[in-house]
Amino acid sequence: VNLKKPCPFWNDNSHCGIRDCAVKPCPSDEVPDGIRSGSYKYSEEANNLAEECEEAKRLGAVDGSLSEETQQAVLQWTRHDDSSDSFCEADDIYSPDAEYVDLLLNPERYTGYKGPDAWKIWNSIYEENCFKPQNVKRPLASGRGESFIYLTKWFSSVCVEKRAFYKLISGLHASINIHLSARYLLQDTWSEKKWGPNVTEFQQRFDEVITRGEGPRRLKNLYFLYLIELRALSKVLPFFERPGFRLYTGNKSHDAEVKSLLLEILHLAKSFPLHFDENSFFAGNKKEAAKLKEEFRLHFKNISKIMDCVGCFKCRLWGKLQTQGLGTALKILFSENLIEKIPESGPSYGFQLTRQEIVALFNAFGRL
């Protein structure tokens, strides 16, 4: 992940300074050879920064080391230029600023990142990217519910695709808020930090009375997001089922075990009763449908760029990962014909997933 990309929309003057949100790059011996590009090296500047930030151990800091298990798992993944089909602005993994992060050492939780900077992120996502009329202001960014009536009227007047797009963003917002409420900083003293569920924080965002009826809608949108990503997992089975597809390399028995577990998850997803049918999307006039689909893709791509404006690096890490996971799910759902044509052996030219997309897809679904 590249956590140093500048915000493309405004000058980022977040309160979360470099020492509070430091990223310590993985030592070179911790990055598996199969994942690291042969020509890739950390820049001298990045290594110097690691030394400067050695003492940065605060809430927002990202632990850049990898577990021993991760070091054992390696694979040389080929790059695939899929920009015309991508729903996300992917990080350049060959950039000197790109760093490897062990997600197990950096759980998604409350980091103290809140206030105007955090509001600005969600306001930008809702105001600029959700296909909504001007009279609907901050439909979910505020916890109150003033816009509920406007939102109801708007929902009845727009097409199913635009409603679905809004519901996905709302579901993602709800998911992140639940994670922050579930792992909240309850105690912060010099001797220890204690995280746990904060019921009050959860109620402020989802209680029906406090949110004037919006809370239950947010949870329904969370379930809608879950169904969308579950549907994508069931659709992508042929891509992973090919005999030639391998996860990691180096230890053949481990490779086989991991692939077996992965296929078990995908078959389970496929056996789940169908609660969502994406075939109804973009099903009207072909020219209009193509235009709407492209608009859909570009709107989502814009949202993935906004993640580079998140001030807290740990929040940025999980925001990027979950956004890219949803973007990968959408890419799968809109590539059904290509997936069905994938040959059992040989390369899959029509449809491809990068290593980053696969990691994001499964970890984002794991959060749901």
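Residues numbered from 1 in each chain as written. Predicted model: local features only at pLDDT ≥ 70, side-chain atom pairs only at ≥ 80, totals over all residues. Heavy atoms only, no water.

### Quick look at the packing of aromatic side chains
Summed over all chains, the structure comprises 12 aromatic pairs. A ring pair is formed by Phe165 and Phe300, whose centres lie 6.3 Å apart and whose planes are at 85°; its orientation type is edge-to-face. Remark: Phe300 occurs in helix H10 (residues 286-306) and Phe165 occurs in helix H5 (residues 160-182); sequence separation between them is 135 residues. Taken as a pair, Phe165 and Phe300 share a single burial class, namely buried. Seen from their ring centres, Phe240 and Phe245 are 5.0 Å apart, and the 90° between their planes marks the pair as edge-to-face. Across the pair, Phe245 and Phe240 agree in class, each one buried. Ring-pair connections join several aromatic residues into one group, and the members of that group are Phe239, Phe240, Phe245, Phe351 and Phe362. Sitting over the ring of Trp195, Arg109 keeps its end group 3.5 Å from the ring centre. (Phe/Tyr/Trp six-rings, centres within 6.5 Å; stacked < 30°, edge-to-face > 60°. Helix = DSSP H or I, 4+ residues; strand = E, 2+ residues; numbered from the N terminus. Buried < 20%, exposed > 50% of the residue type's maximum accessible area, 1.4 Å probe, protein only. Lys NZ or Arg CZ within 6 Å of the ring centre and 35° of its normal.)

### Concerning the pattern of salt bridges
Close approach of charged atoms allows side chains of opposite charge to pair. Following the criterion strictly, the structure yields nine salt bridges and no others. The salt bridge partner of Arg218 is Glu214, with a shortest N-O separation of 3.4 Å. A residue pair is termed a helical-turn pair when its members lie 3 or 4 positions apart in one helix, as Arg218 and Glu214 do in helix H7 (residues 214-235) at four residues. Put simply, Asp308 and Lys320 hold a salt bridge, and the shortest N to O gap is 2.7 Å. Here Asp308, found in the loop between H10 and helix H11 (313-333), pairs with Lys320, found in helix H11; they are 12 residues apart in sequence, far enough to count as distant. Accessibility assignment for this pair places Asp308 and Lys320 in one class, buried. Overlapping salt bridges, with partners in common, bring together Lys5, Asp308 and Lys320 in one network. (Salt bridge = Lys/Arg side-chain N within 4 Å of Asp/Glu carboxyl O.)

### A word on unusual backbone geometry
Despite not being glycine, Arg212 shows a phi value in the positive range, around 55°. Here Arg212 is to be found in the loop between helix H6 (199-206) and H7. Judged by relative accessible area, which is 55%, Arg212 ranks as exposed.

### Details of the state of the cysteines
Throughout the structure, instances matching the rule amount to one disulfide. What pairs with Cys7 in a disulfide is Cys309, and their sulfur atoms sit 1.9 Å apart. Across the S-S bond linking Cys7 and Cys309, the dihedral sits near 75°, which makes this disulfide right-handed. Of this pair, Cys7 sits in the segment before helix H1 (44-52) while Cys309 is found in the loop between H10 and H11, placing the two residues 302 residues apart along the sequence. For the pair formed by Cys7 and Cys309, the shared burial category is buried. Cys312 carries a free sulfur, and the closest cysteine sulfur to it, the one in Cys315, is 3.3 Å from it. By relative accessible area, Cys312 is classed as buried at 1%. (Disulfide = S-S within 2.5 Å.)

### Observations concerning the UniProt feature "binding site: FAD" (unreviewed entry) in the chain
Within the UniProt annotation, "binding site: FAD" (unreviewed entry) is assigned to Arg109, Thr111, Trp122, Ser170, His173 and Arg205. Mapping Trp122 onto the fold places it in helix H3 (residues 116-129). Within the fold, Ser170 resides in helix H5. (UniProt positions renumbered as here; feature names shortened; annotations may be inferred.)

### Considering the UniProt feature "active site" (unreviewed entry) in the chain
With numbering aligned to this structure, UniProt lists the feature "active site" (unreviewed entry) at Cys312 and Cys315. Inspection of the secondary structure puts Cys312 in the loop between H10 and H11. Among the secondary structure elements, Cys315 is positioned in helix H11. Judged by its relative accessible area of 23%, Cys315 is partly exposed.

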